[in-house]
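What follows is each chain in one-letter form.
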Amino acid sequence: MSNFFINPGFFVAGIIAITAPIIIHLLNRRRFKKVDWAAMDFLLEAQRLNRRRVRLEEIVLLILRCLAMVLIGLLISRPSLNVDMAGVFDAGQTERVIILDDSLSMGSGLKGEKPIDRLSTSLTKGFEALANNNDQDLITIVRTTDPSRFSPNASTLNEDSISEILNGFKEIEASDKQGDLISALNQVNNSFESKESNFRKVVYLLSDLRKADWNDSKTANSNESVTDLIKKISEKASGFYIVDLGEGEEGNALIELVEPIDKTIVNGVPSDFEVSVRNYGDKVINNVEISFSAQGALPLKKSVSVINAGEVEVVQFTYTFNENDRNDSYVPIEVSINTDDSTGSDALSEDNKYFFPAPITSGIRTLIVDGDPSGISGKGESFYLANALAPIGPAPSGVQVSILDDTDFGSANLSQYDVIFVANLYRIDGEIVSRLESWVSEGGGLVFLLGDQIDEDVYNDLLYKEGAGILPLKLLKVGGDDKEEKWVNFKKQKESHPLFRFFEGDNNQLLDEVKIFRWWNAELDSELDESNSTVLLASYAPDENLPAIVEKKIGLGKVLTMTTPLDNDWSNFPENGASFLITSQELVRYMSPNLVSEGLISVSEPIAHKVDVREFRQQAKMITPHTADTVEVDALPMSKNQSEFDWLINFENTEAQGFYEIQKTRADGGGDYSVLFAANTDPVESKLERVDSNDLMSVFSSNNVILLNSTQPILENQSSVSKSEVWKLVLMVLGVLLMVELFYGWWIGVRR
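If you're wondering where the values come from, they're calculated on a predicted model, not measured in any experiment.

Reading the values: rules and limits
- Residues numbered from 1 in each chain as written.
- Predicted model: local features only at pLDDT ≥ 70, side-chain atom pairs only at ≥ 80, totals over all residues.
- Heavy atoms only, no water.
- 1 Å grid on protein atoms, 1.4 Å probe; cavity = no way out; pocket = protein on both sides within 12 Å on 5 of 7 lines; lining within 4 Å.
- Points joined across faces, edges and corners; volume = space filled by probe spheres on them.
- Helix = DSSP H or I, 4+ residues; strand = E, 2+ residues; numbered from the N terminus.
- Nonpolar A, V, L, I, M, F, W, Y, C, P; charged D, E, K, R; others polar.
- Buried < 20%, exposed > 50% of the residue type's maximum accessible area, 1.4 Å probe, protein only.
- Pairing = 2+ DSSP bridges.
- Right-handed = clockwise from strand over helix to strand, strands pointing away.
- Salt bridge = Lys/Arg side-chain N within 4 Å of Asp/Glu carboxyl O.
- Axes fitted to C-alpha atoms, helices over the stretch in contact; angles between N-to-C directions.
- Core = buried A, V, L, I, M, F, W, Y, C linked by side-chain atoms within 4.5 Å.
- Contact = heavy atoms within 4.5 Å.
- Expected span 1.5 Å × (residues − 1).
- Arc of directions from axis to C-beta.
- Polar contact = N/O pair within 3.5 Å; in protein donor to acceptor, adjacent residues only side chain to side chain.

### Details of empty space enclosed by the protein
- Under the definition given, this model contains three cavities of 30 Å³ or more.
- Of the voids in this model, the largest cavity is the one considered here, and its volume is about 130 Å³.
- Lining the largest cavity are 14 residues, with L499, I549, M562, F573 and T583 sitting closest to its centre.
- Mapped by element, the contributors of at least two residues to the lining of the largest cavity are β25 (557-562) and α15 (578-591).
- Looking at the lining of the largest cavity, the element that brings in the most residues is α15, giving four residues.
- Here the residues of the lining of the largest cavity are counted per class, giving 12 nonpolar, two polar and no charged.
- Quantified by volume, the second largest cavity comes out at close to 110 Å³.
- S108, P115, G246, E247 and E250 are the residues nearest the centre of the second largest cavity, which is lined by 15 residues in total.

### Remarks on the pairing of strand β19 (residues 445-449)
- In terms of burial, β19 is largely enclosed, as five of its five residues are buried.
- Burial along β19 is two-sided: G445, V447 and L449 facing one way and L446 and F448 facing the other are all buried.
- Inspection of the sheet shows strand β18 (residues 419-423) paired to β19 by five bridges, in the parallel sense. The residue bridging A423 from the neighbouring strand is L449, located in β19.
- At this point the chain moves from β18, through helix α12 (residues 430-441), to the parallel β19, and the crossover so formed is right-handed.
- As judged from the five bridges shared by β19 and β25, these two strands associate in the parallel manner. The partner of V447 across the bridge, within β25, is L560.

### What about unusual backbone geometry?
- With omega at 10°, the peptide bond leading from A541 into P542 counts as cis.
- Residue position: P542 is located in the loop between β23 (534-541) and β24 (547-554).
- In the Ramachandran plot, N287 falls in the positive-phi region, its phi being about 55° despite a non-glycine side chain.
- By secondary structure assignment, the location of N287 is in strand β11 (residues 285-294).
- On the accessibility criterion, N287 (56% relative accessible area) is exposed.
- Look at N424: it is not a glycine, yet its phi comes out positive at around 55°.
- If you trace the backbone, N424 turns up in the loop between β18 and α12.

### Here we look at the sheet that holds strand β27 (residues 607-612)
- The three strands lie next to each other as β27-β31-β30, forming an open sheet whose pairing is antiparallel. Of all strands in the sheet, those with a lone pairing partner are β27 and β30 (636-637), marking the two edges.
- One ladder, built from six bridges, connects β27 with strand β31 (residues 646-651); its direction is antiparallel. Considered in β31, the bridge of I607 is made with F651.

### Examining the pattern of salt bridges
- Following the criterion strictly, the structure yields 22 salt bridges and no others.
- Its salt-bridge partner being D244, residue R690 comes within 2.8 Å of it at the nearest N-O pair. Here R690 is found in the loop between β33 (672-680) and α16 (693-698), whereas its partner D244 is found in strand β7 (residues 239-244), with 446 residues between them in sequence. Assigned by exposure class, R690 and D244 land together as buried.
- Note that R518 and D482 form a salt bridge whose closest N and O atoms lie 3.7 Å from each other. Residue R518 is located in strand β22 (residues 518-524), and its partner D482 is located in the loop between β20 (473-480) and β21 (489-492); the two are separated by 36 residues in the primary sequence.
- What makes D482 exposed here is its relative accessible area of 61%.
- One network of salt bridges, in which partners are shared, links D208, R210, D213 and E685.

### Considerations on the sheet that holds strand β13 (residues 312-319)
- An order of β8-β10-β13 is seen for the three strands of this open sheet, with the pairing classed as antiparallel. What marks the edges here is a single partner per strand, and that holds for β8 (253-260) and β13. Between one strand and the next, the sheet's axes are offset by a mean angle of 20°, whatever the strand orientation.

### Description of the nonpolar core
- Counting residues in each nonpolar core, the largest one holds 38 residues, and the members touching the most others are F421, L449, F490, Y540, I549 and L560.
- Those elements that place two or more of their residues in this core are β16 (364-370), α10 (383-389), β18, β19, β23, β24, β25 and α15.
- Ignoring any residue separated from it by four or fewer positions in sequence, one finds F490 in contact with L511, V514, I516, S539, Y540, A548, I549, M562, T564 and F573.
- Counting residues in each nonpolar core, the second largest holds 34 residues, with L367, I432, L463 and Y464 among its members.

### Quick notes on α12
- Compared with the 16 Å implied by 1.5 Å per residue over 12 residues, the 17 Å span of α12 between its first and last C-alpha is a close match.
- Taken together, the buried positions of α12 are occupied by I432, V433, L436, W439 and V440. Take α12 and look down its axis: the buried residues cluster within an arc of 125°, on one side only.
- Looking at the buried residues of α12, the elements they touch are α11 (406-409), β18, β19, α13 (456-464), β24 and β25.
- Its side-chain oxygen at 3.2 Å from the backbone nitrogen of E431, D429 defines the N-terminal cap of α12.
- Looking one or two residues past α12, G443 carries a phi angle of roughly 125°, positive in sign.

Next comes the structure, spelled out in structure tokens:
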């Protein structure tokens, strides 16, 4: 009974309720006291003549009422039949909607066919069968990697269309893109609402059943899970077939990330790269060889002996770029891994490579604004800092230092610098402050070094602004000992901060040797803003309430303030040799913007590149992977809130992994300048763990969802018979029956 009724208990209750009209009928026949009177003989004769008709009318009325009770129970029990009720009223035309998973994971496989090959074989057989015995069905195909487009869309199956579809399936390959199963199912579900959809639909979902696609988590684009949407569609469709193209559990290794340790890659300076290799399988992977190649040169190679299941191993490579005759350029880096295929631990080869566009610079562009310049060696605010950042010697430091005084600073082009030190600058006007605020919010690193030239009222009014400005603290007055007989020391408040990396372990005693004789007393804003957070990095010991180094993040950049300068007027820090030099180098590298990750995108993520039309022409060329052809691209104006000279190149056709190069032409005719981007596959596609088919099918109570494997006929299933609920039909019959019963009862009463 449960195969016929969804709620069989209500139908049983309806059968029992039949007794109600019968009991009422019997109660109406109870005997009354007989009283003879004069006209009784005439009435008895009339009753004898009409007795049969009255009894028949009462029996018919009783049957109608009993049927009504049965139909009410039937309605509540929600019966279903192995009949396509939607197909009863149409002309027999069927639209076959095929949802194809052609994502990256469909190209996995260690032995025999891959899931994408099984998809091609199964659909080819199905369409060949349809070509021989079907001349009126329609076909719609939607791919999970491009869910917004149906191609073909409700095309009639004939000799020409089937031939074209077959040719497409014979050449189908797994793409580099990530699949979006939820969006594809949403599109199919919405297609049932179309007014033109006046024929029955059968839906086929062909997938490798990866957990990453089939888990019940909802996405940002949908409030419903995969199984929720399949339930919805199966209630509307004549049939829903899930075709499992996967085969058992497969392990997989991938390059998860390639990341430079430093935020800037400097020409001629050794750069360290970390390569992260993850094992997504449930078995140990042995002897993984990693190759690191820059600009197509002979690769550097290292091996990892063991990567345990589910874990990541990080391998470090050191490489020195020597890009002659180019101050700024991009170098393509390709990293790959090679595993032992015989172990069955790496089923997907397409994620065994990683592309990285390394932006090479001639150094971190650093500006020191000297507020107290001097022509005497050892004097001036910039003397020690400049020599520490760019010391004289055969090995480049990787820092390009420019020095300006307060007069030249007002007209400087801030966009030419990565880091700016404002060293003991007496006054600063509102126009410079506004430019500094914009520069920092776009990613610049600003350092204030406070000394005896500072006008605290100007700094508090224009830079602090009651906590709303770029200065992270309010200046009070100068403290300390002018005679330098007493001093304080730096006390780290953030032990793990990169600025103090040199002072870890035994080197911590070197920090105790730094003596600060004078400093600015200041107070921190007690209410910290989440977007512009203020952090106390170091204070002065023994009084830890005195802030020494404070950091504030603003937009994409950050501001760091030291309440004592980096000269030898207020401290002996510059005289501490190696500790001062290394700390200065760490400071400028920490404050520099992260330039090395700007060109990294995922496959199918649009490329957005800003072009200054004062420097470059609007027209540019795009070189894509796997082809030598160039694509013409144009920079277009941005929103009104942006600079009128900053235009945007937007390129969306990034469906393949590899390098994308934008070739820009300088407006003054000075040649071309290339910008490199790298598209890598999404790590989600590398998770090959499969969903349990039994657990999956247990979610679907309806017999309208059927699981098939790739060896079973797929499109050959006509699906002309399927489970359909008939409660609407029962409701219509019940309504008609109640109307008949009402009219019949009224007609009997009138006659009597």
